[in-house]
Each structure stands twice: as structure tokens, then as C-alpha cells.
Amino acid sequence: MAAKRTSAKAVKELIDGLGDRLGRELSTQSVLFHQAIAERLGLKGTDHKYLDVVRRAAEAGPVTPGDLVQLTGLTSGGVTGVLDRLEAAGFVRRVKHPSDRRQLVVEPVVERYAEIGALFAPFRERWAVLCSRYSLDELRLICDFFEQATALMAEEIARMQRPAGPEAAPASAAPRAARGTKARPRRPTL
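What you are looking at is a predicted structure, and each value in this text was computed from that prediction instead of being measured. (Residues numbered from 1 in each chain as written. Predicted model: local features only at pLDDT ≥ 70, side-chain atom pairs only at ≥ 80, totals over all residues. Heavy atoms only, no water.)

A.B. asks: Explain the nonpolar core here, please?
C.D. replies: The nonpolar side chains of soluble globular proteins are, as a tendency, buried together. Of all hydrophobic cores here, the largest spans 19 residues; its most connected members are Leu68, Leu86, Phe91 and Val92. Of all the secondary-structure elements, those providing two or more residues to this core are helix H1 (2-41), helix H2 (45-58), helix H3 (65-72), helix H4 (76-88) and helix H5 (113-131). Among the elements that take part in this core, H4 stands out by supplying four residues, more than any other. With residues near it in sequence (within four places) discarded, Leu68 still touches Val53, Val54, Val63, Gly73, Val79, Leu83 and Val106. (Core = buried A, V, L, I, M, F, W, Y, C linked by side-chain atoms within 4.5 Å. Buried < 20%, exposed > 50% of the residue type's maximum accessible area, 1.4 Å probe, protein only. Helix = DSSP H or I, 4+ residues; strand = E, 2+ residues; numbered from the N terminus. Contact = heavy atoms within 4.5 Å.)

A.B. asks: Would you take a moment to explain the pattern of salt bridges for this structure?
C.D. replies: Pairing between side chains of opposite charge can happen when their charged atoms approach one another. Counting across every chain of the model gives 11 salt bridges. Across the pair Asp52 and Arg55 runs a salt bridge whose closest N-O atoms are separated by 2.7 Å. Placement of both Asp52 and Arg55 in helix H2 is noted, with a separation of three residues, approximately one turn of the helix. Among the residues examined, Asp52 registers a relative accessible area of 22% and is labelled partly exposed. Here Asp100 ties to Arg102 by a salt bridge, and the two come within 3.0 Å at their closest N and O atoms. Overlapping salt bridges bring together Asp52, Arg55, Arg56 and Glu59 as one network. (Salt bridge = Lys/Arg side-chain N within 4 Å of Asp/Glu carboxyl O.)

A.B. asks: It is not clear to me how a nonpolar patch on the surface should be interpreted in this structure. Could you clarify?
C.D. replies: Residues Leu14, Leu18, Leu22, Leu26, Phe123, Trp127, Leu130, Tyr134, Ile142, Phe145 and Phe146 make up a contiguous nonpolar surface patch of about 1,000 Å² in total accessible area. The element best represented in the nonpolar patch is H1, accounting for four residues. Structurally, the position occupied by Trp127 is in helix H5. Its relative accessible area of 42% is what places Trp127 among the partly exposed residues. (Patch = residues over 30% accessible without salt bridge, like charges linked within 9 Å, V, L, I, M, F, W, Y side chains within 5 Å. Areas by Shrake-Rupley, 256 points an atom, 1.4 Å probe, with all protein chains shown as cover.)

A.B. asks: Help me out: how do you make sense of the confidence of the model for the chain in this one?
C.D. replies: In low-pLDDT segments, the atomic positions of the prediction should not be examined closely. In this model, the chain carries a mean pLDDT of 83, and residues with pLDDT of at least 70 account for 83%. A low-confidence stretch, residues 172-190 stays under pLDDT 50, and its non-local contacts, those more than four residues away or across chains, total 50 contacts. (pLDDT = per-residue confidence, 0-100.)

A.B. asks: Please explain the environment of Ala57 as it appears in this structure.
C.D. replies: Looking at where Ala57 falls in the secondary structure, it is placed in helix H2. On a C-alpha basis, the gap between Ala57 and Asp67 in space is 8.8 Å, while along the polypeptide they are 10 residues apart.

A.B. asks: Sorry, what's going on with the side chain of Thr72 here?
C.D. replies: Here Thr72 shows up in helix H3. Of the residues examined, Thr72 reaches a relative accessible area of 17% and is grouped as buried. For Thr72, the side chain forms a polar contact with the main-chain nitrogen of Leu74, separated by 3.1 Å. (Polar contact = N/O pair within 3.5 Å; in protein donor to acceptor, adjacent residues only side chain to side chain.)

Given below as C-alpha cells:
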């Protein structure tokens, strides 16, 4: 019986360490890493990640600023600010919608992808070396953990973006990106 309590305590301590220490540290380093990438690109930290949202969404078809409001949970003014900065830096352009000339479509500037990829190349090389330390089964387990952790985070984002109180909207009303989907309803998921 004492062994089970010791084992349960050890598991709890490990889980607490994953969330409290390692999770926070990984999250912080991720934010700082992407801030450094953004600065190299002449962007603000989060703008670099919103560029990724635009790029992924555009793979499914035309993306309007309204689509980006739904995908990001930002206000329309917030999306406009992000798009202004991305356009000024040459990473997106706003053009007329192909079938509705009253709307604008946001297009990523594909020619800039190589520049972004070059900034990530050293990290990708070191990531491959790190991953090579693990067996195929261990890598599958790590992938499963990251997928589950990502889904959990998306659910928490959706929960936090819902209005508080009894009038709170159901989870299905949360922004699409927060629910883990990457495309608008009229398009297949990415």
C-alpha cells in the first residue's frame, strides 16, 4: 500500500513539474523565440504568428479580414492593425475578392516564405538532432502528447474567449482557431 502511495505521489510531482516548471519554461521560450524571429522580419512578436494563420487559411482559398476575425478571435480593429503591419512589412497584400469585388482578400506574399524558412533552418536542424535521440515509439508518444496538449490549449482558449456569466455562449460559438479547426466552414480543413 505504501508503494502505491509513493508511486502516486511521484506521478503527481512529475505531472506538477511538467505543468508548473517545464510547461511554463517551454511556453516562455517559445514566445521569446518567435519574438526574435518576428524582430528579424521587422514585425511585432504576435504578428509573425498571425502571418502563419493567414498562410494556413489561404491554403484553403480566399481569406477575408472577417475570416481572420473568426480564426483568431481578434476584433476587426485588431485584425486591421495586424494586416496593416504585415502589409507594410511586405508579407501580405490586400486585393479584391475574386468573386465579390466589394470584399478584400488577404494574400500572403509567397516570395517571402524562403526568408522566413531561412530563419528557422538552424532550429530545424537542431530539432532533428534532438529527435534522433528517441526511438520511433518514443517519438510517437511525444507526438501524441503534443497533439493532446495542443487540443487542450485550444479548448482553454475557447473557454476564455466566451463571455462570462449565465449568458455565456456554448463552446461551438468560440472562434474557429480556438476550437482547433484551421479553415472556414465552406472549405475543407487544412
